[in-house]
Amino acid sequence: MKGRRIGRILTKMGKITRDQVKEALDIQEARQKEGRGRPALGQLLVELGYVNQDDISLALAAQAGMEVVDLDDFDLTDEVIHIIPAETAQAYQVLPIQYDEKSKTLTIALKSADNFRALDDLRLLMGFEVQAVVAPADQVEKRIQSYYGEDEESLSSLVAELSEVDDFEEFDANSASIDLDALVEAAEDNKVKRLLNLVLMQAIKDHASDIHFEPFEDEFKMRYRIDGVLYEMIPPPRHLAMPIVSRIKVMSNLDIAERRMPQDGRIELVVNGAPVDLRVAVLPTMFGESVVMRILDRSNVQLDLDKVGLRHDDLDQFRQLAQKPNGIVIVTGPTGSGKTTTLYAALNELNQIDVKILTAEDPVEYDIDGLLQVQVNTEVGLTFARALRSFLRQDPDIILVGETRDLETAKIAVEASLTGHLVFTTLHTNDAPSSIARLLDLGLENFLLTATLEGIVAQRLVRKICQRCKEAYTPGEEELMRLNLAPEDLQGRELYHGKGCDYCNQSGYKGRLAIFEIMVLDDEMRELIMQNASTQVLQAEARKRGMRTLRQSGLLAIYDGLTTIDEVVRETVIED
């Protein structure tokens, strides 16, 4: 039945009659003539009540040339079931049904033929040759629940099991003379794959932003960064360091034999139907290779200006900056403060059919339809400055420069804004006013700066109080002093914190919120820049003109019951 039309396949399967197919085809044609689009034939047959979704899935499998099976015909052993971790089976909604040790071929049952990305990901995660068959969805769901639902493999149990295995003892010492074939074999070991899969799936499930694998003299640590804070996991045995790092290298197409130089790679997965990008950075250290995996979960990012945390007045101000016909808008803050997300949210809003937007990034974190995105590659000479110079010949309306690192990039950004383009860029400074000093320090003349700069947005990320264990409390005098507050400043206000629960891993926090400081340049501010005014003078003048500082934004977030004093003190500086 491979390649045949869906109506014919369903007829051959005895699910519908030819008359029913003709009826659905007539409705399909009528809807198209009415301008209501052309619905899929299978969808119409389901709407008419002639078939159900299972029938369509099985017909699509037959159309794709995949075997359709009944799971009742298979005797599933524990050995086959435990070939992939519970988290992987549940995330991809797949069931292993056969495994051939000799050819390393795993046969999995899918609920529908269109879940083909699961095959690619499992090949990458498990290193097997993966073949797929299709089974009725209810059978697959029932067995996944039965085999994996109650007895989810925990990290602690797997680490305990691996601690008793001495297969990898030869990798215990950080020796330069490790047998490469033995290392490749260790990287392909099922137990190592299961451990790494479990760590990856757990990190994605907990919305971690990074996973750290760190070798020390006597131990091998694994840590997650969740909401900006690192949490330690149960460490695997020290002798597993090299097999785990080698497995990561295999998955990200890095050189497994190179252990003296840093390497960067990438792993692309689709977990629970959402694309997840893993950026891999390997660094040689005294006791082995340290690996950090940055998780870019596109389903977990809010590319919407209304949802990045801007207050109503800040949002209006930022929108006015973003809608300028030309000029430079800078977003500043330390690494991991959400600058890229804010800029993407702005570009997403400006992304219209009549606007051409070009971006130069290192790396490109989220691909957005309608934006022409360039990945900076310094190894071949494609720097921010070179990309930006080429952009000017591409007739853009809006340009995003991932980071202004040097005078050349700054000068071309100025040139672009003077020739009628709106330029967005980022800097690494502590607050908005100090960005002026940073640009002047790069060597940019102040008259060029005042002619082009429209506004600077500084931001930080603070953790949000967990909504499930949030409770009101009365802060002590010492705690208030950290924010220069007196008890009378809290008259009529209630402060909150999280007492800790299972949902937030007993931390009292869940998710993060951005706080902002927006400095808009007017004629008086430009005059001060021309007079080489200090950062303190610029800040005082901006505050007179209504700029809300990061600390003031943090205070408002505390009063709104969104975050805590500890978080605002940790992320903002004391003001005079």
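Residues numbered from 1 in each chain as written. Predicted model: local features only at pLDDT ≥ 70, side-chain atom pairs only at ≥ 80, totals over all residues. Heavy atoms only, no water.

As annotated in an unreviewed UniProt entry, the protein chain carries the name GspE/PulE family protein and comes from Natronomicrosphaera hydrolytica.

*Asks:* So what exactly am I meant to see when it comes to the overall build of the protein chain here?
*Replies:* What the protein chain contains, in helices and strands, is 23 helices and 18 strands. Along the first, second and third principal axes, the C-alpha atoms of the protein chain reach 80 × 70 × 60 Å. Each of the 576 residues in the protein chain was classed as buried or not, and the buried ones make up 51%. Of the roughly 27,700 Å² of accessible surface on the protein chain, 46% is carried by carbon and sulfur atoms. (Helix = DSSP H or I, 4+ residues; strand = E, 2+ residues; numbered from the N terminus. Buried < 20%, exposed > 50% of the residue type's maximum accessible area, 1.4 Å probe, protein only. Areas by Shrake-Rupley, 256 points an atom, 1.4 Å probe, with all protein chains shown as cover.)

*Asks:* Quick question: what am I supposed to make of unusual backbone geometry here?
*Replies:* Both trends apply: most residues other than glycine have a negative phi, and most peptide bonds are in trans. For Asn253, which is not glycine, the phi dihedral falls at a positive 55 degrees. What makes Asn253 exposed here is its relative accessible area of 71%. Residue Asp395 is not a glycine yet carries a positive backbone phi of 55 degrees. Looking at Asp395, the relative accessible area reads 61%, which means it is exposed.

*Asks:* Mind showing me how you'd approach the confidence of the model for the protein chain here?
*Replies:* Regions with low pLDDT should not have their predicted coordinates read in detail. The pLDDT averaged across the protein chain works out to 86; a share of 94% of its residues lies at or above 70. Mean pLDDT values for the elements of the protein chain range from 70 in helix H9 (residues 155–163) up to 96 in strand S10 (residues 327–332). (pLDDT = per-residue confidence, 0-100.)

*Asks:* Before we go on, may I ask you to explain the sheet that holds strand S8 (residues 274–285) in this structure?
*Replies:* Two orientations exist for strands paired in a sheet by backbone hydrogen bonds: parallel and antiparallel. Ordered by their spatial adjacency, 6 strands build an open sheet running S6-S5-S4-S9-S8-S7, and the pairing between neighbours is antiparallel. Two strands lie at the open edges of the sheet, namely strand S6 (229–232) and strand S7 (263–271), each paired on one side alone. Along the sheet, successive strands turn relative to each other by an average axial angle of 20 degrees, direction set aside. Both S7 and S8 contribute to a ladder of 9 bridges, which runs antiparallel. Note that in S8 the partner of Asp264 across the bridge is Ala281. Across the sheet, helix H11 (residues 190–205) touches strand S4 (210–215), strand S5 (220–226), S7, S8 and strand S9 (288–297), and the angle it forms with S4 is around 140 degrees. (Pairing = 2+ DSSP bridges. Axes fitted to C-alpha atoms, helices over the stretch in contact; angles between N-to-C directions. Contact = heavy atoms within 4.5 Å.)

*Asks:* Before we go on, may I ask you to explain the environment of Ala413 in this structure?
*Replies:* Within the secondary structure, Ala413 sits in helix H16 (residues 407–418). Here Ala413 falls in the buried class, since its relative accessible area comes to 4%. With 39 residues separating them in the primary sequence, Ala413 and Thr452 have C-alpha atoms 9.1 Å apart. Filtering out sequence-adjacent residues up to four positions away, Ala413 remains in contact with Ile328, Leu388 and Val423.

*Asks:* I would appreciate a short explanation of helix H21 (residues 535–544) in the present structure.
*Replies:* An α-helical turn contains 3.6 residues, so a residue and the one three or four places further along point in the same direction. Here H21 has its buried residues at Leu538, Glu541 and Ala542. Mapping the buried residues of H21 onto a view down its axis gives an arc of 100 degrees, with all of them on the same face. Facing away from the buried side of H21 by over 90 degrees, the exposed positions are Gln536 and Lys544. Looking at the buried residues of H21, the elements they touch are helix H17 (434–442), strand S18 (509–520) and helix H20 (523–530). (Arc of directions from axis to C-beta.)

*Asks:* Just to check I follow, could you spell out the environment of Leu315 for this structure?
*Replies:* Looking at the element boundaries, Leu315 is found in helix H13 (residues 312–322). Once you skip the residues sitting within four places of it in the chain, Leu315 turns out to touch Leu305, Asp306 and Leu310.

*Asks:* Got a minute to help me understand the sheet that holds strand S11 (residues 357–361) in this structure?
*Replies:* What the 7 strands build is an open sheet, ordered S12-S11-S13-S14-S10-S15-S18; its pairing is mixed. Each edge of the open sheet carries a strand with a single partner, namely strand S12 (371–375) and S18. Averaged over all pairs of adjacent strands, the angle between strand axes in this sheet comes to 20 degrees, irrespective of strand direction. Bridge count between S11 and S12: 5 bridges; the pairing is parallel. Its bridge partner lying in S12, Glu361 is registered against Gln375.

*Asks:* Whenever I open this one, the nonpolar core confuses me. Can you help?
*Replies:* Burial of nonpolar side chains together is a common tendency in soluble globular proteins. Counting residues in hydrophobic clusters, the biggest one holds 73 residues, and the most contacted among them are Leu95, Ile211, Phe213 and Met293. For this core, the element with the highest residue contribution is H11, accounting for 9 residues. In this structure, Leu95 is in contact with Leu71, Leu76, Ile81, Thr107, Ile108, Ala109, Val140, Arg143, Ile144, Tyr147 and Tyr148, ignoring residues within four places of it in sequence. Among the nonpolar cores identified, the runner-up in size contains 42 residues, and Ala410, Leu448, Ala542 and Leu550 belong to it. (Core = buried A, V, L, I, M, F, W, Y, C linked by side-chain atoms within 4.5 Å.)

*Asks:* Sorry, what's going on with the packing of aromatic side chains here?
*Replies:* The geometry of an aromatic ring pair is captured by the separation of the ring centres together with the interplanar angle, meaning the angle of the planes. Applying the stated rule across the entire model yields 2 aromatic pairs. For the pair Tyr99 and Phe128, a centre-to-centre distance of 5.1 Å together with 50 degrees between the ring planes defines the contact as tilted. Placement of the pair is Tyr99 in strand S1 (residues 94–100) and Phe128 in the loop between helix H7 (117–126) and strand S3 (129–134), with a sequence separation of 29 residues. Both residues of the pair, Tyr99 and Phe128, belong to the buried class. Ring plane angle 20 degrees and centroid distance 6.4 Å describe the contact between Phe213 and Phe220, whose orientation is recorded as stacked. Given a relative accessible area of 0%, Phe220 falls into the buried group. Positioned over the ring face of Tyr503 is Arg468, at 3.6 Å from the centre of the ring. Against the face of Tyr559 rests Arg493, its NZ or CZ located 3.9 Å from the ring centre. (Phe/Tyr/Trp six-rings, centres within 6.5 Å; stacked < 30°, edge-to-face > 60°. Lys NZ or Arg CZ within 6 Å of the ring centre and 35° of its normal.)

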